[in-house]
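Inside the fold
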2 protein chains.
Amino acid sequence: MSDIGVTVKKNENFSEWYTEVVLKSGLADYAPIKGCMIFRELSYAIWEKIQEIFNKKIKATGHKNVYFPMFIPESFLKKEAEHFAGFVPEVAWVTQGGDSPLEEKLAVRPTSETIIYATYAKWIRSWRDLPIKLNQWCNIVRWETKATKPFLRTREFLWQEGHTAHATKEDSDKEVMDILNEYRDLMESYLAIPVLVGVKTDNEKFAGALYTTTLEAIMPDGKALQMGTSHNLGQNFAKVFDIKYIGEDEKEHYVWQTSWGISTRLIGALVMVHGDDKGLVIPPKVAPIQVVIVPIPYKGADSAAIMAKAKEVREKLVEKGITTILDDREEYTPGWKFNEWELKGVPIRVEIGPRDLKQEQVTLARRDTYQKTAVKLDDAVHAIEKLLEEIQNSLYAKAKAALAEKITTVSSYNEFQWTLEAKGGFIKAAWCGHSRCEEKIKEETGATIRLRPFEKEPPITDCIYCGAKAVEMVYFARSY
Amino acid sequence: MSDIGVTVKKNENFSEWYTEVVLKSGLADYAPIKGCMIFRELSYAIWEKIQEIFNKKIKATGHKNVYFPMFIPESFLKKEAEHFAGFVPEVAWVTQGGDSPLEEKLAVRPTSETIIYATYAKWIRSWRDLPIKLNQWCNIVRWETKATKPFLRTREFLWQEGHTAHATKEDSDKEVMDILNEYRDLMESYLAIPVLVGVKTDNEKFAGALYTTTLEAIMPDGKALQMGTSHNLGQNFAKVFDIKYIGEDEKEHYVWQTSWGISTRLIGALVMVHGDDKGLVIPPKVAPIQVVIVPIPYKGADSAAIMAKAKEVREKLVEKGITTILDDREEYTPGWKFNEWELKGVPIRVEIGPRDLKQEQVTLARRDTYQKTAVKLDDAVHAIEKLLEEIQNSLYAKAKAALAEKITTVSSYNEFQWTLEAKGGFIKAAWCGHSRCEEKIKEETGATIRLRPFEKEPPITDCIYCGAKAVEMVYFARSY
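Residues numbered from 1 in each chain as written. Chains lettered and ligands numbered in written order. Predicted model: local features only at pLDDT ≥ 70, side-chain atom pairs only at ≥ 80, totals over all residues.

Some words on the overall build of chain A
What counts here: Helix and strand definitions here come from DSSP, where helices need a minimum of 4 consecutive H or I residues and strands a minimum of 2 consecutive E residues; each element is numbered from the N-terminal end. Here a residue counts as buried when 20 or more other C-beta atoms fall within 10 Å of its C-beta, as exposed when 12 or fewer do, and as partly exposed in between; the C-beta atoms come from the backbone. Residue pairs qualify as contacts under a 7 Å threshold applied to their C-beta atoms, which are placed from the backbone.
Secondary structure assignment for chain A yields 14 helices and 23 strands. Evaluated residue by residue, chain A yields a buried proportion of 49% over its 480 residues. Taking the intrachain contacts of chain A between residues at least 6 apart in sequence as the baseline, contacts between residues at least 24 apart amount to 68%.

Re the domain arrangement of chain A
Residue and element names in this part refer to chain A. The condition that has to hold: Note that domain bounds follow an automatic or database assignment of domains. Ten residues, namely Ala, Val, Leu, Ile, Met, Phe, Trp, Tyr, Cys and Pro, are considered nonpolar, four, namely Asp, Glu, Lys and Arg, are considered charged, and the remaining ones, Gly among them, are considered polar.
Under the domain assignment used here, chain A contains domain 1 (14–274), domain 2 (289–390) and domain 3 (407–477). Summarising the inter-unit geometry, the C-alpha centres of domain 1 and domain 3 are found 28 Å apart. At the interface, 16 residues of domain 1 touch 16 residues of domain 3. Secondary-structure elements contributing two or more residues to the side of domain 1 that touches domain 3 are β9 (196–199) and β10 (211–218). The dominant element in the side of domain 1 that touches domain 3, judged by the number of residues it contributes, is β9, at 4 residues. Among the residues forming the side of domain 1 that touches domain 3, the class breakdown is 5 nonpolar, 5 polar and 6 charged.

Some details on helix α1 (residues 14–24) of chain B
It helps to recall that an α-helix has 3.6 residues per turn; residues three or four apart then point in one direction. Residues and elements named next belong to chain B. Of the positions making up α1, those classed as buried are W17, Y18, E20, V21, V22 and K24. Where the residues of α1 are buried, they touch β1 (28–30), α8 (265–274) and α10 (334–343). G26 sits one or two residues past α1 and shows a positive phi near 85 degrees.

A few points about the packing of helix α2 (residues 41–60) of chain B against helix α6 (residues 169–190) of chain B
Geometrically, a packed helix pair is captured by the angle between its two axes and the distance between the axes. All names here are of chain B. Filter applied, for reference: Helix axes are fitted only over the stretch in contact, all axes being lines through C-alpha atoms; the angle between N-to-C directions runs from 0 to 180 degrees. Each crossing gets its handedness from the near helix: less than a right angle anticlockwise from the far helix is left-handed, clockwise is right-handed.
Relative orientation of the contacting elements α2 and α6 amounts to 145 degrees, with a least axis distance of 11 Å. The two elements α2 and α6 cross, and the hand of that crossing is right-handed. Contact residues: I53, F54, K57 and I58 in α2; E182, L186 and Y190 in α6. Its residues placed into classes, the contact of α2 with α6 shows 5 nonpolar, no polar and 2 charged.

Description of the relation of the copies chain A and chain B
Put simply, the rule reads: The copies are overlaid by a least-squares fit using only the C-alpha atoms of residues whose pLDDT is at least 70 in both copies.
In the superposition of chain A on chain B (RMSD 0.0 Å, axial shift 0.0 Å), the rotation amounts to 180 degrees. Such a combination of rotation and displacement between the chain copies is what one expects of a two-fold axis. Among all C-alpha atoms of chain A, that of V94(A) lies closest to the rotation axis, at 2.1 Å. Take the interface residues of chain A: 100% of them recur as interface residues in chain B, which is what a same-surface contact looks like.

Structural data, given as structure tokens:
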């Protein structure tokens with residue numbers, strides 16, 4: 001924690017602002033290794049919240065957590081050609097153990113399909129063994145050559161990767177969508193970040209997948225952020241790893257597979273979407289600290305009585321399951337504490353000063369709007385519970401409005417280009433369905449098709465690039 | 001899960017038995033990479049229990065979880081000479097990122113002192129910044145050349161590592177002991193494995209530590225297993241990483257540091273200590289499934305009524321926070337299910353058959369003793385709660401007796417050698433305090449000093465090896 005607050009305004013230099021907030025709030029720090037970061041206690045606690053929420057969801061639907069080795073022999077990675085081509089440029093290789101060179105170099109997992117599926121081939125024999133629905137929380141390494149940024153692009157990050165195998169395509173399709181829906185709920189109901197959902201184009205899908213579904217959010221600078229993906233791998237990996245089962249029909253079949261993941265990148269999204277000029281704003285449902293109580297002693301006033309009230313309020317809140325801390329440090333002033341907890345994004349600050357004491361009340365300060373209200377001591381717990389809910393809803397509503405404001409429908413390539421430069425955001429446009437147009441647009445503007453929405457709308461024009469008959473409206477954007 | 005149970009008896013071929021139990025119970029599997037293993041759902045769920053228990057303990061005492069990069073530059077590892085010498089023979093090295101060789105090779109962390117302390121040097125400025133008490137749960141790599149064994153020795157494993165910095169030696173000494181006590185409680189009260197505690201000799205201490213405290217358990221084959229260690233690092237790392245703070249006296253001081261860890265090795269201990277000829281026996285407090293209900297349908301009997309009762313019991317147990325599953329699979333017989341859940345170590349099996357139904361009762365079968373008792377339906381939940389407690393206590397008492405039985409006090413080197421061969425276990429003997437005797441004994445017998453107990457006993461003889469005046473009684477053993 002630096003003593004000085006955020007010095008850059010969010011709407012003046014977004015990128016600088018982001019870096020300052022991340023570092024000064026104590027979310028993260030640069031590591032003494034190029035391209036790597038340190039997840040400090042605040043970001044790791046948010047990650048633990050995300051783990052708790054998502055674990056509950058997937059365990060309730062029969063998924064189990066496991067842990068597979070992080071090293072993947074080069075030969076495994078090579079088995080699925082598209083997959084290998086997609087990942088090999090950014091693999092970190094272990095070539096030496098102790099003093100000895102290894103016989104075969106080992107990839108530090110950039111993703112674990114190959115090592116897990118080599119094992120599924122051994123575990124799966126009969127229809128009785130299906131479905132297999134496993135997940136792991138682990139570290140991932142991708143040797144980025146582009147500029148890195150904490151949470152958004154680093155050489156090592158944390159994620160969960162789910163890997164399932166099913167008897168039929170229908171079952172695998174359903175799994176892909178079930179997970180997508182759980183992701184959506186996590187992002188919208190907990191992180192308070194609205195997302196667009198749909199399917200990736202063939203150019204943008206996961207290396208080795210049949211199709212990729214995605215959740216995309218918009219950041220305040222107008223760039224899209226891929227928040228999570230859920231892939232149907234079809235039988236591609238089953239065929240190269242020979243994952244077969246004997247069906248009830250007593251014949252051999254290849255399994256159908258899915259994989260899906262979300263990462264610590266979500267924390268970066270949370271910073272960007274909700275943060276303000278004073279620092280982080282953390283939605284109550286994922287806030288490691290939901291309420292901070294700051295007693296305000298005053299010369300001559302009864303500071304023992306203030307502290308007693310503060311403790312009483314803390315006890316009551318903790319009883320209700322609200323994570324609360326009482327900042328009773330004597331070496332800092334109330335004003336210093338206000339700044340610190342605002343920087344760290346604690347949703348509600350409770351102030352108790354001499355006047356509050358006299359009037360049997362506490363003052364509640366909202367982190368998101370800075371609004372202050374006095375509530376009677378007797379009502380404090382109830383008021384705080386309601387306010388937490390209100391802040392959660394209000395952050396979501398605000399982000400939802402920002403998303404809506406950042407979707408523009410265009411009817412020509414000119415309008416497309418103009419909008420992209422002037423405003424950014426998602427640009428909805430008619431597309432002919434051909435990779436060539438998609439590639440040319442990317443080349444010329446840097447924007448890619450982020451998703452083909454599930455809810456189809458009839459094209460309002462011909463393809464904005466080639467003028468041929470359009471097949472659907474898709475969402476373009478520049479992205480992280 | 002194989003259809004066939006454990007085929008080797010624990011007291012006939014302990015090592016084979018262990019491997020069979022681990023593989024057949026579905027705890028773990030070999031990975032398709034030499035020396036690595038797969039933590040399957042059952043072992044990972046036990047690990048999650050351990051994480052939950054230990055997280056609660058350390059968070060209550062002000063520790064925070066974080067995550068540091070897994071890559072450590074060679075130059076960092078080299079800074080503390082003893083530390084480097086201790087770890088370098090078993091480091092896996094990343095030498096290549098994508099297509100390019102790295103400028104400096106990176107160690108995959110064998111432990112994280114160096115990378116964390118390089119950062120502490122940056123974070124710590126004043127006495128106000130102390131203590132720093134951080135912990136991380138992560139994967140660790142040590143490129144073992146000896147034969148590997150699931151949980152006990154693998155090239156990659158999971159652990160937690162705590163790293164603290166304090167203003168004074170007293171504070172760091174206290175931290176070392178506080179953690180040791182938390183570890184002890186985890187092992188004894190939850191894993192039901194009694195341990196001996198004490199200090200390592202200089203030969204056996206952590207590479208770079210001032211002193212190492214340790215918790216040691218005995219396995220049924222008479223070998224000791226180091227269950228966890230808590231180190232006082234003194235100011236060794238502070239001096240090489242230049243970690244200084246300005247004290248209240250306005251002078252610069254080096255910090256005092258501790259580090260401590262437990263790993264997935266604990267799961268191996270649990271298998272060895274409690275398992276039997278039918279498979280795993282998991283202590284209730286760390287059992288991912290505490291109760292399995294097996295309905296026993298019978299021709300002509302009212303199986304719908306049996307199933308209804310089974311569901312009713314499950315609901316009631318779940319309400320009480322007891323993890324319960326109802327095994328209602330139709331493709332398996334009750335006998336097959338009994339074997340499977342015994343293999344997997346579920347503490348209590350509840351049977352409900354036609355006779356139970358008629359007599360308004362259920363039958364409880366204990367995994368540890370195979371004892372069966374019928375209890376009235378109305379008392380079932382209460383009886384199960386009590387039985388879980390009883391099983392937990394009884395497993396601990398049994399292990400405690402086994403430990404006591406495996407400690408032998410000897411008064412000569414002859415007796416020492418004879419005991420080691422005939423019986424193994426801990427051998428308590430008088431020692432002069434010199435490394436030379438310790439090393440000779442290790443060379444000649446393979447036994448090391450596992451610990452110098454905190455509770456000192458006066459030596460009963462002179463040093464059993466050299467005959468010089470002994471300074472204390474210490475515990476020797478061969479170990480994993």
